Amino acid sequence: MDGGGRLARSPRSPRQQTDLMDAVIAAAVALRARLRPASPPAKSRSRRSVRDERPHGLIAFMESRLPRRSGVVATLLLLAASAGFGIVKGGHLDAFVATVSDTRNALANSAGFRITTVAINGRKQLSQDEVLAIGGVNGRSSLLFLDAASVRDKLKAGAWISEATVQKLYPGQLRIGIVERTPFALWQHDGRLAVISDDGAVLQDYISPAFLKLPLVVGKGAETRAKDFLTLLSHYPQVKAVTKAVTLVGERRWNLRLNDGLDVRLPENDVGNALLTLSNLDKDEHLFSKDIVAIDLRLSDRLIVQLSDDAAKAREEALKKKEPKKKVGDA
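Computed from a prediction, not measured in an experiment: that's the story for all the values here.

*Asks:* How would you explain the overall build of the protein chain if you had to name every residue and give the values?
*Replies:* In terms of helices and strands, the protein chain carries 11 helices and 12 strands. Here the protein chain, with 331 residues, has 25% of them falling under the buried criterion.

*Asks:* With reference to specific residues and values, describe the sheet that holds strand E2 (residues 161-169).
*Replies:* On the basis of which strands lie adjacent, the open sheet formed by 3 strands has the order E1-E3-E2 and mixed pairing. Bordering the open sheet on either side are strand E1 (117-121) and E2, each of which pairs with just one other strand. For this sheet, the mean angle separating the axes of adjacent strands, direction not counted, is 15°. With 5 bridges joining them, E1 and strand E3 (residues 173-180) adopt parallel strand pairing. Paired with Ile120 across the bridge in E3 is Ile176. Against the sheet, helix H6 (residues 128-135) makes contact with E1, E2 and E3, and its axis sits at roughly 100° relative to E1, the strand it touches most. In this fold helix H7 (residues 148-157) packs onto E2 and E3, with an angle of close to 160° to the strand it touches most, E2.

*Asks:* Got a sec to walk through H6? Specific residues and values, please.
*Replies:* Buried residues of H6: Val131, Leu132 and Gly135, and no others. All buried residues of H6 fall inside an arc of 95° around its axis, so they share one side. Every exposed residue of H6 that faces more than 90 degrees away from the buried side is listed here: Asp129 and Ala133. Elements in contact with the buried residues of H6: E1, H7 and E3. Looking one or two residues beyond H6, the residue adopting positive phi is Gly136, at roughly 80°.

*Asks:* Give me the nonpolar core: which residues, what numbers.
*Replies:* In terms of nonpolar packing, the biggest core is built from 28 residues, with Phe229, Leu256, Leu266 and Leu278 touching the most fellow members. Contributions of two or more residues to this core are made by strand E4 (183-189), helix H8 (222-233), strand E8 (243-249), strand E9 (253-258), helix H10 (271-285) and strand E11 (292-296). Sorting elements by how many residues they give to this core places H8 first, with 5 residues. Dropping the residues within four chain positions of it, Leu278 is found in contact with Val239, Leu256, Val264, Leu287, Phe288, Ile295 and Leu297. The next biggest cluster of nonpolar side chains, apart from the first, holds 22 residues, and it includes Ile115, Leu143, Leu155 and Trp160.

*Asks:* Could you give me a rundown of the packing of H8 against H10, with the residues and numbers involved?
*Replies:* The N-to-C vectors of H8 and H10 enclose an angle of 40°; their axes lie 10 Å apart at closest approach. For the element pair H8 and H10, the recorded crossing hand is right-handed. Touching Phe229, Leu232 and Leu233 of H8 are Val271, Gly272 and Leu275, all from H10. Residues belonging to the contact of H8 with H10 are distributed by class as follows: 5 nonpolar, 1 polar and no charged.

*Asks:* Please provide a residue-by-residue account of the pairing of E8, values included.
*Replies:* Bridge count for strand E7 (residues 216-218) against E8 is 3 bridges, and the pairing is parallel. Bridge pairing in E8 places Leu216 opposite Ala245. Bridge count between E8 and E9: 6 bridges; the pairing is antiparallel. Residue Thr243 lies in a different strand from E9, and its bridge partner there is Leu258. Between E8 and the antiparallel strand that follows it, E9, lie 3 residues; Gly250 among them carries a positive phi value of about 60°.

*Asks:* I'd like a description of the pattern of salt bridges, backed by residues and values.
*Replies:* Enumeration over the complete set of coordinates arrives at 8 salt bridges. A salt bridge links Lys220 to Glu251; the shortest N-O distance between them is 3.9 Å. Placement of Lys220 in the loop between E7 and H8 and of Glu251 in the loop between E8 and E9 is noted, with a sequence separation of 31 residues between them. A relative accessible area of 54% places Lys220 in the exposed class.

*Asks:* Could you give me a rundown of the sheet that holds E11, with the residues and numbers involved?
*Replies:* In a beta sheet, neighbouring strands are held together by backbone hydrogen bonds and run either parallel or antiparallel to one another. If you walk across this open sheet you meet the 9 strands as E6-E5-E4-E7-E8-E9-E10-E11-E12, and the pairing is mixed. In this open sheet, the two strands that pair with only one neighbour each are strand E6 (202-204) and strand E12 (304-307). Taken pair by pair, the neighbouring strands of this sheet meet at an average axis angle of 30°, ignoring direction. Packing against the sheet, H8 makes contact with E4, strand E5 (192-197), E7, E8 and E9, and its axis sits at approximately 130° to E8.

*Asks:* For H7, give the residues involved together with the corresponding values.
*Replies:* Residues separated by three or four positions in an α-helix point in the same direction, a consequence of the helix having 3.6 residues per turn. Within the span of H7, buried status applies to Ala148, Val151 and Leu155. The arc that holds the buried residues of H7, viewed along the axis, is 65°, so those residues lie on one side. Looking at the buried side of H7, the elements it contacts are H6, E2 and E3. Taking the backbone nitrogen of Ala149 as reference, a side-chain oxygen 3.2 Å away marks Asp147 as the first, capping residue of H7.

Reading the values: the criteria
Residues numbered from 1 in each chain as written. Predicted model: local features only at pLDDT ≥ 70, side-chain atom pairs only at ≥ 80, totals over all residues. Heavy atoms only, no water. Helix = DSSP H or I, 4+ residues; strand = E, 2+ residues; numbered from the N terminus. Buried < 20%, exposed > 50% of the residue type's maximum accessible area, 1.4 Å probe, protein only. Pairing = 2+ DSSP bridges. Axes fitted to C-alpha atoms, helices over the stretch in contact; angles between N-to-C directions. Contact = heavy atoms within 4.5 Å. Arc of directions from axis to C-beta. Core = buried A, V, L, I, M, F, W, Y, C linked by side-chain atoms within 4.5 Å. Left-handed = near helix turned anticlockwise from the far one by under 90°. Nonpolar A, V, L, I, M, F, W, Y, C, P; charged D, E, K, R; others polar. Salt bridge = Lys/Arg side-chain N within 4 Å of Asp/Glu carboxyl O. Polar contact = N/O pair within 3.5 Å; in protein donor to acceptor, adjacent residues only side chain to side chain.

This is the structure in structure tokens:
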């Protein structure tokens, strides 16, 4: 290593360098001559050259039938197929499609087809950003390449939206009309609460304060059958006014839980008549204000009332007091 930090060369005289080069060249020539095959006679070589230059019969047939540059096209197709296989096999298809979509949208936006105005009609619970997100419309979308049918299908697939229309007004206006589902009840199942519409569709899995006053339905299958039962219950306002929750039992019949904790067990059939009986008993006998914990209406010919513990003890003591006392000397 020299003083400048570079590798220093070993000193050789000019004569030594010349002899070394001559030896290397001679060795290379000898090796080349040894590896080169013997040259055929000139006549044989010329015939072989002519024969080698003639293409194979299949190749000649294809060259005569196929258009020019077909080999280049086939090569490009093969490369494209290989690239596509690699994209699919590597799990990059979605990213590739998104990249292509963003690229063409960027070109369309630069050409003057950017979405500059959005008008949404019919929304009540959803915000404009939520509607656009459900429809898959974002800041990179261009009106030119926006698929209105696809946006409409995505909107209708959303939980809150039952109907939707999408219109493109060139060069940059998007008009959307929606019909929202109406929150109908709270549904409790497996310990979870959700807001549902009248057709049983789950609108959201969290309960905001605006929905706390909705009726509560409980049990498997209650979400799809609640509309009919609550409609029937509304015909008996005396009972509905004090009902806190309705529970579907075994997907066959309903129970009522009243505000004070009283349970009402309704029959599987002839529910309207049972509700009428219950309503009349409360009007005439103030049944709901009595110290009872359950009312059983499942039997058509009788009504069974279960008293609370305190009421049961009080009734038992009252009955004992009414028993006649035995006289002295009576057997």
